Amino acid sequence: MDQEFWHARWSSNEIGFHLNEVNPFLIQHWTTLGLPAGSRILVPLCGKTLDMRWLVEQGYSVFGVELSRKAVEDFFAEQNLSFVLTEQRGFFCYRSDRLEIWCGDFFALTAADVADCQGLYDRAALIALPLAMRERYVAHLKALLPEAAKALLITLDYPQAQMSGPPFSVSEAEVHERFAEGWHVEYVLDVDALPDNPRFIDRGLTALHEMVFRLKKC
């Protein structure tokens, strides 16, 4: 992960990937995972997504991981949430009731850190990483998460040659390939997202699909 790239993006507020609303696919499909309220949910590369607040409001405990301290502190300030700050194994840990965000390198997490995470929500992590790092990311998830963990994964699929990432194009075929070993993958939805994303049209895209998957570690 090019850490300086992401620090620069947050510092200059170049965060077009941030949504100013809760992701509608999260609202529509999260309950289909069947995770009981109170479950702890891992949200990798979480930024300051409003999706974390929504999950807490549904009764879940959220464990976000983010590289940028600015993103984390912006989240708590914008959500008017107080927090307790501690340090643990190189992470700055921000805790507030049923929400905590660890600021640091996602790849430094251990299985012990997420042993009680029954769920995973990924809208912006996998697509934020170039190909080689996506392989590493999926391998790390497999090593981290406990058996039977369930996940909601949202990706973007577009002609990669038309635009350099991030976000990167991650097709349905790649999702099945990446998660072929140790996961059950269920394709849920494919939506034409180009009309609602003029910034990607301006970047030269002629096609853009947003896809939703349910995963279960087995």
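Right above here is the structure, for reference.
1. Considerations on the pairing of strand S9 (residues 209-217)
Alright, step 1. Where burial is concerned, most of S9 is hidden: 7 out of the 9 residues are buried.
Alright, step 2. Here strand S7 (residues 150-157) runs beside S9; their pairing, made up of 8 bridges, is antiparallel. Following the sheet pairing, Ala 151 is matched in S9 by Leu 215.
Alright, step 3. Strand direction decides the pairing type here: strand S8 (residues 183-192) and S9, joined by 9 bridges, are antiparallel.

2. Section: the sheet that holds S9
Alright, step 1. Read from one edge of the open sheet, 9 strands run S3-S4-S5-S2-S1-S6-S7-S9-S8, paired in mixed fashion. The sheet is open, and its two edges are formed by strand S3 (84-88) and S8, each paired on a single side. Within the sheet, the average angular offset between the axes of one strand and its neighbour, ignoring direction, is 20 degrees.
Alright, step 2. Note that S3 and strand S4 (residues 91-96) share 5 bridges and pair antiparallel. Looking at S4, one finds that Leu 85 is bridged to Tyr 94.
Alright, step 3. Set on the sheet, helix H4 (residues 69-78) makes contact with strand S2 (61-66), S3, S4 and strand S5 (99-103); between it and S5 the angle comes to about 160 degrees.

3. Topic: the packing of aromatic side chains
Alright, step 1. Evaluation of the coordinates by the stated rule reveals 12 aromatic pairs.
Alright, step 2. Ring centres of Phe 63 and Trp 102 lie 5.0 Å apart, and the angle between their planes is 75 degrees; this geometry places the pair in the edge-to-face category. With a gap of 39 residues between them, Phe 63 in strand S2 and Trp 102 in strand S5 connect regions that are remote in the sequence. One exposure class covers both Phe 63 and Trp 102, and it is buried.
Alright, step 3. Note on Tyr 187 and Phe 213: the rings are 6.0 Å apart at their centroids and 65 degrees apart in plane angle, and the pair reads as edge-to-face. Placement of Tyr 187 in strand S8 and of Phe 213 in strand S9 is noted, with a sequence separation of 26 residues between them.
Alright, step 4. In this structure Phe 213 comes out as buried when scored by relative accessible area, which is 0%.
Alright, step 5. By way of ring pairs, the aromatic residues Phe 75, Phe 76, Phe 83 and Tyr 94 are connected into one cluster.
Alright, step 6. Sitting over the ring of Phe 92, Arg 69 keeps its end group 3.8 Å from the ring centre.

4. A look at a negative patch on the surface
Alright, step 1. A cluster of acidic residues, Glu 172, Asp 190, Asp 192 and Asp 196, forms a negative patch at the surface.
Alright, step 2. Inspection of the secondary structure puts Asp 190 in strand S8.

5. Some words on the nonpolar core
Alright, step 1. Ranked by internal contacts, the top residues of the largest apolar core, which has 43 residues, are Leu 42, Phe 106, Leu 109, Tyr 137 and Phe 179.
Alright, step 2. Those elements that provide at least two residues to this core are S2, S4, strand S6 (117-122), helix H5 (131-144), S7, S8 and S9.
Alright, step 3. In contact with Leu 42, other than residues within four places in its own chain, are Phe 63, Val 65, Phe 106, Val 114, Cys 117, Gly 119, Leu 120, Tyr 121, Leu 141 and Leu 145.
Alright, step 4. Core analysis: the next-biggest nonpolar cluster, separate from the first, contains 25 residues, Leu 26, Leu 35, Leu 55 and Ile 101 among them.

6. Points about the environment of Val 188
Alright, step 1. Mapped onto the fold, Val 188 is located in strand S8.
Alright, step 2. Between the C-alpha atom of Val 188 and that of Ile 154, which follows or precedes it by 34 residues, the distance is 9.9 Å.
Alright, step 3. Val 188 has contacts with His 29, Val 212, Phe 213 and Arg 214, leaving out every residue within four places of it along the chain.

Thresholds applied
- Residues numbered from 1 in each chain as written.
- Predicted model: local features only at pLDDT ≥ 70, side-chain atom pairs only at ≥ 80, totals over all residues.
- Heavy atoms only, no water.
- Buried < 20%, exposed > 50% of the residue type's maximum accessible area, 1.4 Å probe, protein only.
- Helix = DSSP H or I, 4+ residues; strand = E, 2+ residues; numbered from the N terminus.
- Pairing = 2+ DSSP bridges.
- Axes fitted to C-alpha atoms, helices over the stretch in contact; angles between N-to-C directions.
- Contact = heavy atoms within 4.5 Å.
- Phe/Tyr/Trp six-rings, centres within 6.5 Å; stacked < 30°, edge-to-face > 60°.
- Lys NZ or Arg CZ within 6 Å of the ring centre and 35° of its normal.
- Patch = residues over 30% accessible without salt bridge, like charges linked within 9 Å, V, L, I, M, F, W, Y side chains within 5 Å.
- Areas by Shrake-Rupley, 256 points an atom, 1.4 Å probe, with all protein chains shown as cover.
- Salt bridge = Lys/Arg side-chain N within 4 Å of Asp/Glu carboxyl O.
- Lys, Arg positive; Asp, Glu negative; His and termini not counted.
- Charge placed at Lys NZ, Arg CZ, Asp CG, Glu CD.
- Core = buried A, V, L, I, M, F, W, Y, C linked by side-chain atoms within 4.5 Å.

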